[in-house]
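In case you want the letters, here they are:
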Amino acid sequence: MRTLPHAVIAALALSAFALPAHAAVLPADVTPSQCIAGGGMIIISAVGQGDDGYTKRCEGGIHDGQTVT
């Protein structure tokens, strides 16, 4: 069985610890400019009728999945 070098294992361990900490500091809502500046794009989805019949979400980047206000 082939083993991974210690440097690769250490990098994987550090990245696993960095992801939960980064996700904890994300804001609940972001502005359109924050979404785009963070590397994401705004996805508008129809969910009904009238003025409140859509949602805007940031997809990708550091604000992935957050509501765009």
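For the structure, see preceding data.
Cut-offs used in this document
- The numbering scheme is per chain: residues are counted from 1 as the chain's sequence reads.
- The predicted origin of the model limits local features to residues at a pLDDT of at least 70 and limits the giving and counting of side-chain atom pairs to 80 or more, whereas totals for whole chains, interfaces and linings rest on all residues.
- Calculated side-chain values reflect all of the structure's heavy atoms, with hydrogen atoms and water omitted.
- The helix and strand labels rest on DSSP assignments: H or I over at least four residues marks a helix, E over at least two residues marks a strand, and numbering proceeds from the N terminus.
- Using a 1.4 Å probe on the protein chains alone, a residue whose accessible area is under 20% of its type maximum counts as buried, one over 50% counts as exposed, and one in between counts as partly exposed.
- Working rule for contacts: check all heavy atoms of both residues, and any pair within 4.5 Å makes them a contact.
- All accessible-area figures derive from a Shrake-Rupley calculation using a 1.4 Å probe, and residue coverage is judged against the displayed protein chains alone.
- Here, a disulfide means two cysteine sulfur atoms that sit within 2.5 Å of each other.

Draft legend 1. Layout of the overall build of the chain. Helix and strand counts for the chain come out as 2 helices and 4 strands. Counted from the first residue to the last, the chain has its helices and strands arranged as α-β-α-β-β-β. Burial statistics for the chain: of 69 residues in total, 13% are counted as buried. Contacts in the chain between residues at least 24 apart in sequence constitute 38% of all its contacts with a sequence separation of at least 6. A total accessible area of about 5300 Å² is found for the chain, and carbon and sulfur atoms account for 65% of it.

Draft legend 2. The environment of A37, seen in detail. Position of A37 relative to the elements: it lies in helix 2 (residues 32–37). Taking the C-alpha atoms as reference points, A37 and I62, separated by 25 residues in sequence, lie 9.1 Å from one another.

Draft legend 3. Quick look at the environment of E59. Examined against the element boundaries, E59 turns out to sit in strand 3 (residues 54–59). Residues E59 and M41 lie 18 residues apart in sequence; the distance between their C-alpha atoms is 5.4 Å. Those residues within four positions of E59 in sequence are excluded, and the remaining contacts are G40, M41, I43 and D64.

Draft legend 4. Structural view of the state of the cysteines. Evaluation of the coordinates by the stated rule reveals 1 disulfide. Residue pairing for C35: its cysteine sulfur links by disulfide to C58, the two sulfurs lying 2.1 Å apart. One quick way to see it: the torsion about the S-S bond of C35 and C58 is about 90°, and its sign makes the bridge right-handed. Highlighted residues: C35 in helix 2 and C58 in strand 3, separated in sequence by 23 residues. Assigned by exposure class, C35 and C58 land together as buried.

Just geometry here; none of it tells us what the structure is for.
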